[in-house]
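# Residue-level structural notes
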Amino acid sequence: MAKKNIISSKNLSIGYPTKNNPVVITSGIDVSIFEGDFIAILGKNGIGKSTFLKTLTTELAPIEGNIQLMEADLNSYSSKQLASVISVVLTESIPMNQLTVQELIALGRQPYTNWIDNLSERDTEVVNKAMMDTETFDFKDKKIYELSDGMKQRVLIARALAQDTPVMILDEPTVHLDLYHTVQIFKLLKKLVEEQGKTIIISSHELNLSIKFASKLMVMNETTNHFGTTVELIAAKAFETLFPADGISFDSESQQFVIK
Amino acid sequence: MKTQRFGIPFLILSLGLVLFFLLNIRLGSVDIPLNAILKSIINDPSVQDSWRIIVMDFRIPKAITACIAGAGLAISGLFMQTLFRNPLAGPFILGISSGASLGVALLILGAGIFGGFLSAMAMEWALPIAASLGAFLVLLSVLLASNKIKNTMSILIIGLMFSSFAAAIISVLSYFSEADKLQQFIFWGFGSLANLSWNQVLILSLVFFVALMYSIRLIKPLNSLLLGENYAKSLGMNTQGNRTQILVITSLFTGVITAFVGPIAFIGLAVPHIARLVFNSSNHKVLLPSSAILGAIILLICDIVAQLPNNEITLPINAITSIFGAPVVIWLLIKKKKIFI
């Protein structure tokens, strides 16, 4: 059975709009992402990973080409409709406030709640399940500011999960985390893809972990953007283009980046 | 959002509100016993006329004004702190009070300079209308600017710029004004809860009630703003539309309150913090009602202090709110060590 196409783009140019001519960060992006894909976007700082994710969440408009989301033009979605298709975990930290873990996760239900934001039985169920899936239930009554970075990240993922969308987009979800917690996050995301059929797109600097966990990768560099499975990318010699030749190299046998 | 259970604290707050409302009416320069006050309210002819006039035409309108001003300013402060994610934001951050001051300055000081005249009769409405017009013009400018701007923080700076601009014009007007006009203007700046006619109280209550009802609708977008604007947007919130609504409601509260009682400091900035500390919550379903009630109670208390019971002197309310308020907030912050929005 053919899997459902979730996101696709053809010859997409992305960047920032300015008054006269837009600043193009990168172009020639061809992706087709299917239901249940776990996509990791790799590339060095400033290459356009976040720009691409912002374009997917309509924060930025494409400069050229367009994006299809579930076989409809991304532009045709209102922000309300989009909220039930794509949920996000952003790199920005949330403002200092006294929300409890449960309250914060329950905010993920806002697209479905009534005008006064009352949780229905179903909303409570989804929130509880999101907490169970992310193992955040045990500290649901803690305040956000009491949490460690690793816990906070799980809570933010739980919030996105509570939003109950087929697509989840996470911008550098493991930044600030130690290796153990980084691996835990990758495992959690992989579990969500496998058990719940989510389509997850992340940007990451964890090259080796991304290669190990993600089902497809997008490798971004100045001139070309490669998209495919690890094997396809090795054949296309995409990983070699990621960094300048000195310092780090890709060992295609172990499928890992190594330090020279 | 699921709320923790807050029934008992709210019950205590409501009882406190009733208690201080009665105490506010009971205490003043003339000592009127409680049963005489109650008899005045039910229009019992056995009470002497002077007492009944003091209670019905002076103290009760003043107590109602205190409740509305306290509640409205506290809600406005809460909204601005959440919208700008800034614990130091207050209801006057948009330059509303500067706009109102400018309106009043043009009326009082400008009349002297440009040779206009104001009869005492006209003052009942001229002052609030001038203040409202000033506040409304500032609001309009901020809204026009905010529609061109994506970044919410820039609105904060624009508000500050409007304040400086208005202050500069007021300085120029003051420089050319006669002493008695200047004194009149400075007295307006002290703030005063007293001297509102029943008609004025009615208009104040009406605007307050409309703004309050609309505020309830804003609870949901305000809660999503606790995650920051980008998360709020990802939850399907129309960020610019809701921002405009929050600005309009805040301006409605502060504009009409400032117009009638003058710029009252501290309440709008500090009461939301006190509510957050007391209820240990950031949820606007809790903070909106608790800020409103606490604001009303605190302004009632400040007014009691300003009256100096059994004394002829009345201190400016604006001074009392700051003298008693600032130390309270400092103490709370030192004790709790953390500051939230």
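Residues numbered from 1 in each chain as written. Chains lettered and ligands numbered in written order. Predicted model: local features only at pLDDT ≥ 70, side-chain atom pairs only at ≥ 80, totals over all residues. Heavy atoms only, no water.

### Some words on the overall build of chain A
For clarity, the cut-off: Helix and strand assignments follow DSSP, with helices taken as H or I runs no shorter than four residues and strands as E runs no shorter than two, numbered in order from the N terminus. The reference for a compact globule is 2.2 Å times residues^0.38; the radius of gyration itself is calculated from the C-alpha atoms. In this scheme, a residue with accessible area under 20% of its type's maximum is buried, one over 50% is exposed, and one in between is partly exposed, where area comes from a 1.4 Å probe on protein chains only. Surface accessibility follows the Shrake-Rupley procedure with a 1.4 Å probe radius. Residue values consider only the protein chains on display as shielding. Charge assignment in this entry is limited to Lys and Arg as positive and Asp and Glu as negative, and neither His nor the chain termini are counted. Here the site of a charge means atom NZ of a Lys, CZ of an Arg, CG of an Asp or CD of a Glu.
Each helix and strand counted, chain A has 8 helices and 12 strands in total. A compact globule built from 260 residues should have a C-alpha radius of gyration of about 18 Å, and chain A, at 19 Å, falls within 12% of that. Dimensions along the principal axes, computed over C-alpha positions, put chain A at roughly 55 × 45 × 40 Å. When the 260 residues of chain A are sorted by exposure, 51% land in the buried category. Surface accessibility of chain A: about 12,000 Å² in total, with carbon and sulfur atoms responsible for 51%. Positive and negative charge centroids in chain A, built from 25 and 32 side chains respectively, lie 1 Å apart.

### Comments concerning the interface of chain B and chain A
Often, the extent of an interface is quoted as the loss of accessible area on bringing the components together. The line we're drawing: Residue contacts are defined here by distance: any two heavy atoms, one from each residue, within 4.5 Å place the two residues in contact. Two parts placed together each lose some accessible area; with a 1.4 Å probe, that loss summed over both constitutes the buried area. We count a salt bridge whenever a side-chain nitrogen from Lys or Arg sits within 4 Å of a carboxyl oxygen from Asp or Glu. N or O atoms closer than or at 3.5 Å make up a polar contact, with two conditions inside protein: a donor-capable atom paired with an acceptor-capable one, and, for residues adjacent in sequence, both atoms drawn from side chains.
Taken together, the contact pairs 30 residues of chain B with 37 residues of chain A. Together chain B and chain A conceal approximately 3,100 Å² of surface at their shared face, both sides included; 57% is due to carbon and sulfur atoms. Taken together, chain B and chain A are joined by 0 salt bridges. Our count for the chain B to chain A interface comes out at 15 residue pairs in polar contact (both at pLDDT 80 or more). Going through the elements one at a time, α8 (198-217), α9 (219-225) and α10 (229-234) of chain B are the ones with two or more residues in the side of chain B that touches chain A.

### A short note on the side chain of B:Thr321
All names here are of chain B. Summarising the element assignment, Thr 321 is placed in helix α14 (residues 317-336). Polar contacts involving the side chain of Thr 321 include one to the main-chain carbonyl oxygen of Ala 265, which spans 3.3 Å. Apart from residues lying up to four places away in sequence, Thr 321 is in contact with Ile 264, Ala 265, Phe 266, Ile 267, Leu 299, Cys 302 and Ala 326.

### A look at the nonpolar core
Nonpolar side chains in soluble globular proteins tend to be buried together. Note the cut-off: By nonpolar core is meant a set of buried Ala, Val, Leu, Ile, Met, Phe, Trp, Tyr and Cys residues that side-chain atoms within 4.5 Å join together. Note that domain bounds follow an automatic or database assignment of domains.
In this structure, B:Phe79, B:Met80, B:Leu94 and B:Leu299 are the most contacted members of the largest nonpolar core, which totals 99 residues. Residue contributions to this core peak at 15 residues, all from helix α3 (residues 49-83) of chain B. Two domains each donate at least three residues to this core, and these are domain 1 (23-90 + 194-341) and domain 2 (93-190) of chain B. For B:Phe79, the contacting residues outside a window of four places in its chain are B:Ser215, B:Leu218, B:Leu222, B:Ile246, B:Ile249, B:Thr250 and B:Leu288. In this structure, A:Val89, A:Phe139, A:Ile211 and B:Tyr231 belong to the second largest nonpolar core, which totals 80 residues.

### Looking at the domain arrangement of chain B
All names here are of chain B. Under the convention used in this document: Amino acids are sorted into nonpolar (Ala, Val, Leu, Ile, Met, Phe, Trp, Tyr, Cys and Pro), charged (Asp, Glu, Lys and Arg) and polar (every other residue, Gly among them).
Taken domain by domain, chain B consists of domain 1 (23-90 + 194-341) and domain 2 (93-190). Measuring from the centre of the C-alpha atoms in domain 1 to the corresponding centre in domain 2 gives 22 Å. Opposite the 29 residues of domain 1 that make contact, domain 2 presents 25 residues. Together, the buried faces of domain 1 and domain 2 total about 2,200 Å²; carbon and sulfur atoms form 65% of this surface. The largest share of the area that domain 1 buries against domain 2 comes from Phe 84, Arg 243 and Ala 259, three residues that together contribute 25% of it. Inspection of the domain 1/domain 2 interface yields 0 salt bridges. Here domain 1 and domain 2 share 3 residue pairs in polar contact (both at pLDDT 80 or more) between them. Elements with a contribution of two residues or more to the side of domain 1 that touches domain 2: α3, α8, α11 (239-261) and α14. By residue number, the principal contributor to the side of domain 1 that touches domain 2 is α11, which donates 11 residues. Across the side of domain 1 that touches domain 2, the residue classes tally to 13 nonpolar, 13 polar and 3 charged.

### Details of the pattern of salt bridges
Summed over the entire model, instances satisfying the criterion amount to 10 salt bridges over all chains. Note that A:Asp164 and A:Arg122 form a salt bridge whose closest N and O atoms lie 3.1 Å from each other. You can see A:Asp164 sitting in the loop between α5 (149-162) and β7 (167-171) and its partner A:Arg122 sitting in helix α4 (residues 121-133), a full 42 residues away along the chain. Since its relative accessible area comes to 46%, A:Arg122 is described here as partly exposed. Close ionic contact of B:Asp303 with B:Lys62 constitutes a salt bridge, the shortest N to O distance being 2.6 Å. Linking B:Asp303 in helix α13 (residues 284-307) with B:Lys62 in helix α3, this pair joins segments that are 241 residues apart in sequence. The two residues B:Asp303 and B:Lys62 agree in class, both being buried.

### Some details on a nonpolar patch on the surface
Quick note on the threshold: Exposure above 30% relative accessible area and no salt bridge define the residues that can form patches, which grow by joining like charges within 9 Å and nonpolar side chains of Val, Leu, Ile, Met, Phe, Trp and Tyr within 5 Å.
Judged by side-chain polarity, B:Leu34, B:Leu38, B:Ile41 and B:Ile42 come together as a nonpolar surface patch covering roughly 380 Å² of accessible area. Mapped onto the fold, B:Ile42 is located in the loop between α2 (34-41) and α3.

### Some words on the sheet that holds strand β4 (residues 67-69) of chain A
All names here are of chain A. Put simply, the rule reads: Pairing between two strands is assigned when DSSP locates at least 2 bridges connecting them. Fitted lines through C-alpha atoms serve as axes, helices being fitted only where they are in contact, and the angles separating the N-to-C directions of these axes extend from 0 to 180 degrees.
Reading across from one edge, β2-β1-β4-β5 is the order of the 4 strands in this open sheet, with antiparallel pairing throughout. Two strands bound the open sheet, and with one partner strand each, they are β2 (23-34) and β5 (72-73). When strand β1 (residues 5-16) meets β4, the two strands line up antiparallel, connected through 3 bridges. By the bridge assignment, Ser 9 is partnered in β4 with Ile 67. Packing of helix α1 (residues 49-56) onto the sheet brings it into contact with β1, β2 and β4, and relative to β1 it is tilted by some 120 degrees.

### Structural notes on empty space enclosed by the protein
Applicable threshold: A pocket, in this scheme, is an open set of points on a 1 Å grid over the protein atoms alone with protein on both sides within 12 Å along at least 5 of 7 lines, while a cavity is a set where a 1.4 Å probe fits but cannot get out; residues line either one if an atom lies within 4 Å of a point. Grid points are joined across faces, edges and corners, and a volume is the space filled by probe spheres set on the points.
Tallying each qualifying case throughout the model produces 2 cavities of 30 Å³ or more. Considering only enclosed or pocket space, the largest cavity measures out at about 50 Å³ in volume. Contributing to the lining of the largest cavity are A:Gln98, B:His273, B:Arg276, B:Leu277, B:Leu333, B:Lys338, B:Ile339 and B:Phe340. Among the elements that take part in the lining of the largest cavity, helix α12 (residues 267-279) of chain B stands out by supplying 3 residues, more than any other. Quantified by volume, the second largest cavity comes out at close to 40 Å³. In terms of lining, the second largest cavity is formed by B:Leu83, B:Thr152, B:Leu225, B:Glu229, B:Met237, B:Thr239, B:Asn242, B:Arg243 and B:Ile246. At 4 residues, α11(B) tops the list of elements feeding residues into the lining of the second largest cavity. Of the residues assigned to the lining of the second largest cavity, the class counts are 4 nonpolar, 3 polar and 2 charged.

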